[in-house]
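Fold and geometry: a report
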Amino acid sequence: MDDIYRYIDDHLSDSLAELQELCRLPTVSAQGQAIQETAEHVAGRLRSLGFESQVLGKEGAQTGGRPAGHPVVYAYQRGASARTLMFYDHYDVQPPEPLDLWSSPPFQPTLREDKLYGRGVCDNKGNIAARLAAIRAWKEARGQLPCSIKFCIEGDEEIGSPHMEEFVEEHRELLAADACIWEGGGVTWEGRPQVTLGVKGLLYVELEAKTINRDAHSSWGTTLPNAAWRLVWALSTVKGPDERVLIDGFYDAVRPATPEERAAVGAMPSEEGETLKTYGISDFLCGVRGLDFRLRHLFEPTATIDGVISGYTGPGPKTVLPARATAKMDFRLVPDQDPDDILAKLKRHLAGRGFGDIEVRTMGEERPARTPVTDPFVAVVGDAVQAVYGREPVVVPSMAGTGPLYPFVKTLGLPTADCGIGYPDARIHAPDENIRVGDFLLGTKAVAALLGRFAQSS
Ligand SMILES: [Zn+2]
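Residues numbered from 1 in each chain as written. Predicted model: local features only at pLDDT ≥ 70, side-chain atom pairs only at ≥ 80, totals over all residues.

Of the regular secondary structure elements, the chain holds 13 helices and 21 strands. For 458 residues, the compact-globule estimate of 2.2 N^0.38 gives 23 Å, and the chain sits close to it at 24 Å. For the chain, the spread of C-alpha atoms along the principal axes amounts to about 80 × 50 × 45 Å. For the chain, with 458 residues in total, the buried portion stands at 45%. Contacts in the chain between residues far apart in sequence, at least 24 positions, make up 79% of those at least 6 positions apart. (Helix = DSSP H or I, 4+ residues; strand = E, 2+ residues; numbered from the N terminus. Rg over C-alpha atoms; globule rule 2.2 N^0.38 Å. Buried ≥ 20, exposed ≤ 12 C-beta atoms within 10 Å, placed from the backbone. Contact = placed C-beta atoms within 7 Å.)

What follows is about the domain arrangement of the chain. On domain assignment, one finds that the chain holds domain 1 (2-199 + 369-456) and domain 2 (201-254 + 301-366). Its C-alpha centre places domain 1 at a distance of 37 Å from the equivalent point of domain 2. Domain 1 puts six residues into the contact, and the matching count from domain 2 is six residues. For the side of domain 1 that touches domain 2, the per-class residue count stands at three nonpolar, two polar and one charged. (Domains from an automatic or database assignment. Nonpolar A, V, L, I, M, F, W, Y, C, P; charged D, E, K, R; others polar.)

In this section: the sheet that holds strand β12 (residues 201-210). Strands sit in the order β14-β16-β12-β17 across an open sheet of four strands; the sheet is antiparallel. Strand pairing shows two members of the sheet lacking a second neighbour, β14 (304-310) and β17 (359-366), which therefore form its edges. Each strand of the sheet is rotated relative to its neighbour by a mean of 15°, with strand direction disregarded. The sheet contact formed by β12 and β17 spans seven bridges and is antiparallel. In the sheet register, Glu206 faces β17, and the bridge partner there is Arg361. (Pairing = 2+ DSSP bridges. Axes fitted to C-alpha atoms, helices over the stretch in contact; angles between N-to-C directions.)

Now for the packing of helix α1 (residues 2-10) against helix α4 (residues 125-142). As a packed pair, α1 and α4 sit with axes 9 Å apart at the nearest point and diverge in direction by 125°. For the element pair α1 / α4, the angle class is oblique. Our pair here, α1 against α4, has a crossing hand that is right-handed. Contacts from Asp3, Ile4, Tyr7 and Ile8 in α1 reach Ala133, Ala134, Ala137, Trp138, Glu140 and Ala141 in α4. Taken together, the residues that form the contact of α1 with α4 break down as eight nonpolar, no polar and two charged. (Parallel < 35°, antiparallel > 145°, perpendicular 65-115°, else oblique. Left-handed = near helix turned anticlockwise from the far one by under 90°.)

This brings us to the nonpolar core. Ranked by size, the top nonpolar core spans 116 residues in total, and within it Val73, Ala134, Val381 and Leu451 carry the most contacts. Here this core takes 10 residues from helix α13 (residues 437-456), the largest share from any one element. For this core, the domains that each give at least three residues are domain 1 (2-199 + 369-456) and domain 2 (201-254 + 301-366). When neighbours within four sequence positions are excluded, Val381 is seen to be in contact with Val195, Ala417, Cys419 and Leu450. (Core = buried A, V, L, I, M, F, W, Y, C linked by C-beta atoms within 7 Å.)

So, about the environment of Glu271. One can find Glu271 in the loop between α7 (259-266) and α8 (272-279). Residues Glu271 and Phe293 lie 22 residues apart in sequence; the distance between their C-alpha atoms is 9.5 Å.

Shown next, in the form of structure tokens:
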């Protein structure tokens, strides 16, 4: 691999320049900015590396009367081996606001000391650039790719990938592969590479209590129903102070951690101290510590009140009896919970407790998914990163967050893992998003190593 690593080292400034060019495009999906332009730019970049590439579902196109979402960049290149590795990435980024907290303008990527700052330099354009740099090194040093490669690069990830499940369903054959590398990842504070294998799902709902047809003088608290109380009482039936979700059947489909998953979590570094300090508390919920803290964080579903609005919340008193109250809630789900099923159970629960008048509106759904730690692909990825970083990887069975992994794992049947160029202070989604150039280099070499090993694996 020395020839390939040398090529990567020698062309680092070119690879960073390409990343900077990509990050100058302000591809904010939430604001519909520079979408088509970025998709075409990425497809062009892939073509220049010998891929057949298409921009699927151009902006403005419709499927079955519904908006098709932002276009997906698809690419394929045949390699020496027919074994096909898919890379899932996204070319869209989070909004850069608040702008005044950036040390340099978010869409003018800037190199300062050993770091590159700018929106998307890590999440996820930086990972796209590292993957392309690894591919270029193989092509230039060896003339061809060791394995076949597909890319599926979407433009809606930062707004919850509302169309990915449908897209994968519709393009099953086009997207067929043997395994998939997920969008990102990186190293721990100690410099150990992390390989993450799953995501939680999500059900996001808005609950609304409506009582009287307009707000009333609070003297009517004697005889008129108060929407804020209705909502508070309803919410209090969803979860108890012992943190147990009280919806009937909520935990039925929860798949417990396997002995191998527990062992992997046991080998993860502890972040308890840091977390307690960050949030200014001395204990976690339910007093969990050690392995239980990590298992709870990665394997337990949640019921979170994200916000509650009702009545008067301005300065000073206002004696008012609110007619309307709303709450936003999210449930982070774990395999094999299904957001549709949990939604039905939530509605049944509310009706059964006498709160059938509370309206429940869905605002987002994603299904959870996880690749088993025992899948042979996990060992292939682990070997590749270990060879490059010289450190044993941390295998994380699932992240606590959510992503559109389900259709790749379930519909396409791909074992999926992530590895990437990030580090704990990359500040993704926040001002001063950044990467360390050293991580970019290692992450690029890790992808190069993976391609070689994957070609030989079965
Ligand atoms: Zn993101």
